[in-house]
Every structure is written in structure tokens, then in C-alpha cells.
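In case you want the letters, here they are:
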Amino acid sequence: MKVKLSAIEVNNNDPFKQDAYGRKELAIALSGFVKGLDTSFVIGINSPWGSGKTTFLKMWKSYLEANECSCIYLNAWETDFTSDPLISLLSEINSLYELLDEKKIIQEKHINRLKATGSALAKRSIPVAAKILTAGMLDLDEIQESALVEAVGDGIRDAVSAFDKQKNLINEFRSRLSDFVQKLKQQGNFNKLIIFVDELDRCRPSYSVELLERVKHIFNIEDIVFILAIDKDQLNSSLKAIYGSEFNANEYLKRFIDMEYHLPYPDGKTIANNLINRFGYNQFFSSRKKYQELQYEESGLIKTLTYLTVAFNISIRSQEQYFTIFTIVIKSTPVDSYLYPEVVVLLVILKFEAASIYRNIIYFGAPVSSVISYLSSLPGGKDFVFSSVGNLIYARLLMMASNSYRNSNEIDELNSLVKENKGDQIYIDQAKNVLSLIDNFQFNHSFVELSYITNKIDLLTK
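The shown structure was predicted, so the numbers you read here are calculated from the model rather than taken from an experiment. (Residues numbered from 1 in each chain as written. Predicted model: local features only at pLDDT ≥ 70, side-chain atom pairs only at ≥ 80, totals over all residues. Heavy atoms only, no water.)

J.: Help me understand helix α11 (residues 268-278) in this model?
T.: Each α-helix winds once per 3.6 residues, and so residues spaced three or four apart point in a common direction. For α11, the full list of buried residues reads Gly268, Ile271, Ala272, Asn274, Leu275, Ile276 and Arg278. As for α11, its buried residues are in contact with α12 (281-288), α13 (297-311) and α14 (316-331). Structurally, the start of α11 carries an N-cap: the backbone nitrogen of lysine 269 is 3.1 Å from a side-chain oxygen of aspartate 267. Where α11 terminates, the next one or two residues include glycine 280, which has phi positive at roughly 80 degrees. (Buried < 20%, exposed > 50% of the residue type's maximum accessible area, 1.4 Å probe, protein only. Helix = DSSP H or I, 4+ residues; strand = E, 2+ residues; numbered from the N terminus. Contact = heavy atoms within 4.5 Å. Polar contact = N/O pair within 3.5 Å; in protein donor to acceptor, adjacent residues only side chain to side chain.)

What follows is the structure, encoded as C-alpha cells:
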């Protein structure tokens, strides 16, 4: 079993070989749309943090490169230490040139001219531009001399002159960039230049804004398509951090993004199965299924994880982190011992997603029924709590939390409920099932104290 996953490596000969979440058809459909565009275009791929956007982008990029598109990938978060995002974009364009230079597709003079103009543009600093940006007047095409007068007062003539030089430099850069793209098409047989920008929502707010501005005002060129991977909610928060809580971030983003697409989120069972496979749990659990009492460990883990990840809306990335904890707990358990995977999964997730519930039962002696009631209150909770896995968790927690099987007040209450046979039948049936499981655990000595598991979890997560 693996303790931590490495990033998925995309096979250029088969980009979607590890497409566990069924996103290949989406990439193919979007590729047809992108290749058919006859103008510049910006597509926003919106999905929460940790939902697999980066992997999707890299697979899609590889597919496009095999289908007559020249592509650039920029991780904005890794480059937001630069003073101007244009520098980062130029660096990636230069890397593309160096790759193509081996095939003599682009002459060196073309990339040198582009780099020289772009560098001059990135280095040029105009005080008025900074004042305009901080005032929120972000669209250069709409700036008028009267706005400049108000912003800089007596320095208007120098400011306007500097602004004109900046605008001329932008036009020169756009012209040379357009020439570069046309050379790609003519000599390299490429259909488009696709620029993927990842992790934009994780950048410092000012850098995110500057990058969007560069995309709109400088790279708005025929045959250049930007694909922006964003968590829109997080990006909206970044924008409001700059312009205030009342700022209409959604309307602002519409000025930059021509089309927004919400990346479909896989269902909980698909995610659980994929992570079990990638972490190497399949082989581990297969070796234990020869023992009758252990043959349902894997399915119990999947069912518990599937329910809890949906109920708590846990991201794929967070699930990967939880799997690291599951793995270490399992590895620290003797080979011939019970793993209690359902309980391990429940307690790890409760510790991070419902800390007060975790603390109450572990440290303050809250009844096990309070955990069951809490789970029932979550989306889909009742179906889970009254399922076979829910009963198993209930029974195991009762055994683990009780100092003595015979002296447990909660177990006595369940016995009374069954004996009196009054109330909702679903609760009576639940009590019967839980008590039957407890009798089985007692007979097989298949229980440990709760601290046996929580000590491992707490040691790993302090």
C-alpha cells in the first residue's frame, strides 16, 4: 500500500489511460469546439479546489497536442512571485519555441523580437496605471483623459505621454505575438495556440487580477485560446479582498471569460474505488478475504467513505489526505488483527469535518447514540445509519466505547427497546441487528477499546 500518492503522469500516447472519472468524452467535445473557433476565446473550467482540475487539464493538453494544437501550460500559483504575469507567460512561450526549434518551425528572430517587446512591456512602469488600477478602473480601452486628470492632477501631460507609449508597446507586442502564432500555423501545421492557466484562484489576489488583465488586453489575438482552471468561489473572494465585499465579482469575471464550464464531479463510490486502487488497497484486502470474518472489510470501507464524502462534501484532494492517515493506521495494525476500517474512516473524517462530535465522544464520554443521531441528520444519513454498514459501525462503537459489555447503559437501552417492542419498527429492527452484532463480537473477541484506534489517529494528526 502507498502512504502518499504522486501526481498522475499523463501518457502522451494515451492521454486518458488513467481517466478514472470519465472525463475523456468531455475533453474530446471541448476540443472540437476549441479547434472550430475563428477568434480569440477564453474558457473558464470551474470546479472546487481539489476536484481533479489539474489532472484533467494535463490530459486534455496532451490530447490537443496530438490533434494539431500547440499548447502551453502555466501554473499561475507557482509563478505568482513574479512582478508581472506577462513574464511567466513569455517564459512558457519561450519554452514552446525551444521545443519547436528542434524541428526548425520558428526562426529565432521571431521569438527574439517577441521576447524583447514583451520584456520591455513588463518592465515599463507607469505611475498613472497603478493609480487607475487601485481605483478600480480596469479596462484600458475605456480610460479617457479626464479620468487621468483626476487621477494624477498636474502630471497629466507626462502621464498621458507615458500611457501612449505603453499602449503603442502593447500594440507592437500583439502584432509580434500574432506573427508568432501565424508562423506556428503555417510552418508547424498547428490549428491553434492553446494556453492553459492552472491554479489561478490560489494566487495572491493582485496577481490573479493582473493575469486576467494581461489575457484580455494583450493576448486577445486570433487563434489564441486561453483555458483557465478556476474555483470561482475562491476567485470571487480574492477579487473582493481587493475591491471590497460589495464588489460584483461575477459580473467582473464575465468581462474576461467568454464561456464557463462546470467540470462534472464524480460520485462518491467512483472516487473511493479509484483511491483504493491507486493506494494499492485492492491487493491488500484480497489477501485478507480468505478469512470469512474479514471478507467484507473492503466493501465496508467503500460504503462508509462513499456516504461520508457526499455528506460532508469532501474534495478529492482531501480524501487523498485522509487515505494517507487510513493507510498509516492500517500499517500500524498487526497483520492477524482486525482493522475495523469502517470505524477508522468514520473517526478520521469526524476529526476533521466535525471536530466537536469527535471530541465529545473521545474525550468527554458522550454517548455513541449522539454520533449516530448526528450522522442521521446529514444528507442521506438515515439510509446510511439504518444500513448494514451503519449497524456495524453502531455496534463496534458501542463495544469500543464501553468499559464493560454488561454494564453499558446504552446497550441496556437497546435491550429494553427490543424487549418492550414499542415505537417505530425501524428503530426496533436496528436495535436487534446491533445487539446481534455485539453478541457476535463478544463471542469472537473481535473488539478493542476506542483508544486503540484514536491514539493512532491523534498521534498522526497533531
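J.: Even after reading the chapter, I still don't get the nonpolar core, so can you show me in this structure?
T.: Soluble globular proteins tend to bury their nonpolar side chains together. Counting 65 residues, the largest nonpolar core has Tyr281, Phe323 and Phe326 as the members making the most contacts within it. No other element matches helix α19 (residues 388-401), which puts 9 residues into this core. Non-local contacts of phenylalanine 326, meaning those with residues more than four positions away in its chain, are made with Tyr281, Leu305, Val344, Val345 and Val348. If you look at the next biggest cluster of nonpolar residues, it comprises 46 residues, including Leu74, Leu193, Val215 and Leu228. (Core = buried A, V, L, I, M, F, W, Y, C linked by side-chain atoms within 4.5 Å.)

J.: Explain the pattern of salt bridges to me, please; I cannot follow it from the model alone.
T.: Where charged atoms from two side chains of opposite charge come close, those side chains can pair. This structure, assessed with the given rule, holds 12 salt bridges. As a salt-bridge pair, lysine 254 and glutamate 251 come within 3.0 Å of each other at their nearest N and O atoms. Of this pair, lysine 254 and glutamate 251 are both found in helix α10 (residues 249-254), 3 residues apart, which corresponds to roughly one turn of the helix. Taking the relative accessible area as the measure of exposure, lysine 254 reaches 54% and is therefore exposed. The partner of aspartate 458 in a salt bridge is lysine 351, with the nearest N and O atoms 2.8 Å apart. A residue pair is termed long-range when its members are at least 10 positions apart, and aspartate 458 in helix α22 (residues 450-461) and lysine 351 in helix α15 (residues 341-353) qualify at 107 residues. In this structure, aspartate 458 and lysine 351 share a single accessibility class: buried. One salt-bridge network, held together by shared partners, links Lys185, Lys192 and Asp223. (Salt bridge = Lys/Arg side-chain N within 4 Å of Asp/Glu carboxyl O.)

J.: Help me understand the packing of α13 against α15, please; the structure alone is not making it clear to me.
T.: Between two packed helices, the angle of one axis relative to the other and the distance separating the axes together describe the packing. At a minimum axis separation of 8 Å, α13 and α15 run at an interaxial angle of 25 degrees. Compared by their axis directions, α13 and α15 come out roughly parallel. The handedness of the crossing between α13 and α15 comes out as right-handed. For the pair α13 and α15, contact is made by Glu297, Gly300, Leu301, Thr304, Leu305 and Leu308 and by Pro341, Glu342, Val345, Leu346 and Ile349, respectively. Along the lines of polarity and charge, the residues of the contact of α13 with α15 split into 7 nonpolar, 2 polar and 2 charged. (Axes fitted to C-alpha atoms, helices over the stretch in contact; angles between N-to-C directions. Parallel < 35°, antiparallel > 145°, perpendicular 65-115°, else oblique. Left-handed = near helix turned anticlockwise from the far one by under 90°. Nonpolar A, V, L, I, M, F, W, Y, C, P; charged D, E, K, R; others polar.)

J.: Can you help me understand the packing of aromatic side chains in this one?
T.: The description of an aromatic ring pair uses the distance of the two centres, along with the angle that the planes make with each other. By the definition in use, this model includes 22 aromatic pairs. Judged by centre distance (4.8 Å) and plane angle (40 degrees), the ring pair of tyrosine 243 and phenylalanine 247 falls under tilted. Judged by relative accessible area, which is 22%, phenylalanine 247 ranks as partly exposed. Residue placement shows arginine 202 over the ring face of tryptophan 77; its charged tip is 3.6 Å from the ring centre. The residue whose ring lies beneath lysine 456 is tyrosine 452, and the NZ or CZ to ring-centre distance is 4.2 Å. (Phe/Tyr/Trp six-rings, centres within 6.5 Å; stacked < 30°, edge-to-face > 60°. Lys NZ or Arg CZ within 6 Å of the ring centre and 35° of its normal.)

J.: Help me out: how do you make sense of the side chain of lysine 53 in this one?
T.: Here lysine 53 shows up in helix α2 (residues 53-65). In this structure the side chain of lysine 53 is engaged in a polar contact, spanning 2.9 Å, whose partner is the backbone oxygen of serine 47. Within the local environment of lysine 53, its side chain forms a polar contact with the backbone oxygen of proline 48, the two atoms lying 3.1 Å apart. When near neighbours in sequence (up to four residues on either side) are disregarded, lysine 53 contacts Ile45, Ser47, Pro48, Ala229, Ile230, Asp231 and Leu263.

J.: Whenever I open this one, unusual backbone geometry confuses me. Can you help?
T.: Across the chain, the bulk of peptide bonds are trans and the bulk of non-glycine residues have phi less than zero. The phi dihedral of asparagine 313 falls on the positive side, at around 55 degrees, and the residue is not glycine. By the secondary structure assignment, asparagine 313 is in the loop between α13 and α14. Not every positive phi belongs to a glycine, and asparagine 421 is a case in point at roughly 55 degrees. Tracing the backbone shows asparagine 421 in the loop between α20 (409-420) and α21 (425-444).

J.: When you look at α15 in this model, what are you seeing that I'm missing?
T.: Look at α15: 18 Å from first C-alpha to last across 13 residues, which is about the 18 Å you get at 1.5 Å a residue. Among the 13 residues in α15, 11 count as buried, and that is most of the element. Looking at α15, one finds that the buried residues are Pro341, Glu342, Val343, Val344, Val345, Leu346, Leu347, Val348, Ile349, Leu350 and Lys351. (Expected span 1.5 Å × (residues − 1).)

J.: Even after reading the chapter, I still don't get the sheet that holds strand β1 (residues 41-46), so can you show me in this structure?
T.: The pairing of strands in a sheet happens through backbone hydrogen bonds and is either parallel or antiparallel. If you walk across this open sheet you meet the 5 strands as β2-β3-β4-β1-β5, and the pairing is parallel. Two strands lie at the open edges of the sheet, namely β2 (69-75) and β5 (259-262), each paired on one side alone. Here the average twist between neighbouring strands, direction ignored, is 20 degrees. As defined by bridge partners, β1 adjoins β5 across 4 bridges and the pair is classed as parallel. Paired with isoleucine 43 across the two strands is methionine 259, which belongs to β5. Together, β1, β2, β3 (192-198), β4 (224-230) and β5 form the strand contacts of helix α1 (residues 24-35), whose direction differs from that of β1 by roughly 165 degrees. Taken strand by strand, α2 contacts β1, β2, β3 and β4, and its axis lies near 155 degrees from that of β2. (Pairing = 2+ DSSP bridges.)

Bear in mind that shape data such as this cannot, by itself, settle questions of function.
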